Amino acid sequence: MRHIQPSQFTGDRPWAALDIECFDAATVRLHWTDEAYIWHVNDGPEVFALLTGAVRMHIRDAEGHEAHIDMTPGDIVHCTEGDEHRAEPLEPSRILVVERPGSV
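Basis of the calculations
- Residues numbered from 1 in each chain as written.
- Predicted model: local features only at pLDDT ≥ 70, side-chain atom pairs only at ≥ 80, totals over all residues.
- Heavy atoms only, no water.
- Helix = DSSP H or I, 4+ residues; strand = E, 2+ residues; numbered from the N terminus.
- Rg over C-alpha atoms; globule rule 2.2 N^0.38 Å.
- Buried < 20%, exposed > 50% of the residue type's maximum accessible area, 1.4 Å probe, protein only.
- Contact = heavy atoms within 4.5 Å.
- Areas by Shrake-Rupley, 256 points an atom, 1.4 Å probe, with all protein chains shown as cover.
- Salt bridge = Lys/Arg side-chain N within 4 Å of Asp/Glu carboxyl O.
- Core = buried A, V, L, I, M, F, W, Y, C linked by side-chain atoms within 4.5 Å.

A. The overall build of the protein chain, seen in detail. On a plain count of helices and strands, the protein chain comes out with zero helices and seven strands. Counting from the amino terminus, the protein chain carries its helices and strands in the arrangement β-β-β-β-β-β-β. Computed over its C-alpha atoms, the radius of gyration of the protein chain comes to 13 Å, within 12% of the 13 Å expected for a compact globule of 104 residues. Expressed as lengths along the three principal axes of its C-alpha atoms, the size of the protein chain is roughly 45 × 35 × 25 Å. Counting over 104 residues, the protein chain shows a buried share of 34%. Taking the contacts inside the protein chain whose residues are at least 6 apart along the sequence as the reference set, 67% of them involve residues at least 24 apart. For the protein chain, the exposed area adds up to about 6,200 Å²; of that, 52% sits on carbon and sulfur atoms.

B. The pattern of salt bridges, seen in detail. This model, assessed by the stated rule, comprises five salt bridges. Across the pair Asp-12 and Arg-13 runs a salt bridge, and its minimum N-O distance is 2.9 Å. Given a relative accessible area of 69%, Asp-12 falls into the exposed group. For Glu-84, the salt bridge identified is with Arg-60, shortest N-O distance 2.7 Å. Of this pair, Glu-84 sits in strand 7 (residues 84–99) while Arg-60 sits in strand 4 (residues 46–60); the two residues are 24 residues apart in sequence, bridging distant segments of the chain. For Glu-84, a relative accessible area of 23% translates into the label partly exposed. Judged by relative accessible area, which is 24%, Arg-60 ranks as partly exposed. What emerges from the salt-bridge pattern is a single network uniting Arg-60, Glu-66 and Glu-84.

C. Structural context of the nonpolar core. Core analysis: the biggest nonpolar cluster contains eleven residues, these being Trp-15, Phe-48, Leu-50, Val-55, Met-57, Met-71, Val-77, Cys-79, Ala-87, Ile-95 and Val-97. Secondary structure elements with two or more residues in this core: strand 4, strand 6 (76–79) and strand 7. Top element by residues in this core is strand 4. It accounts for four residues. For Trp-15, the residues in contact, after removing those within four places along its chain, are His-31, Trp-32, Thr-33, Glu-35, Ala-36, Tyr-37, Phe-48, Ala-87 and Ile-95.

Interpretation in functional terms is not warranted from these geometric data alone.
Take a look at the structure:
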């Protein structure tokens, strides 16, 4: 059994990850970041749970219109396959991400 204290995790680079578990079809990873991620589309669903910090989740619909969701600790964003998005931390943040192994 492992006891993980997200507030104690700091990566050696933005979006560094602590691999927690890999199930048959999903990984559970704790990310630390202080820099924005790239615009991307996952090849499957993704669950993004903000543990500490503040994140602005940018989203882009099929017509190219952009919007954002300001996340605070405890918020969860569920992206389905094909949802274009980009996470921008507003301060150093820790995020629990559940997605397919090898997903972008």
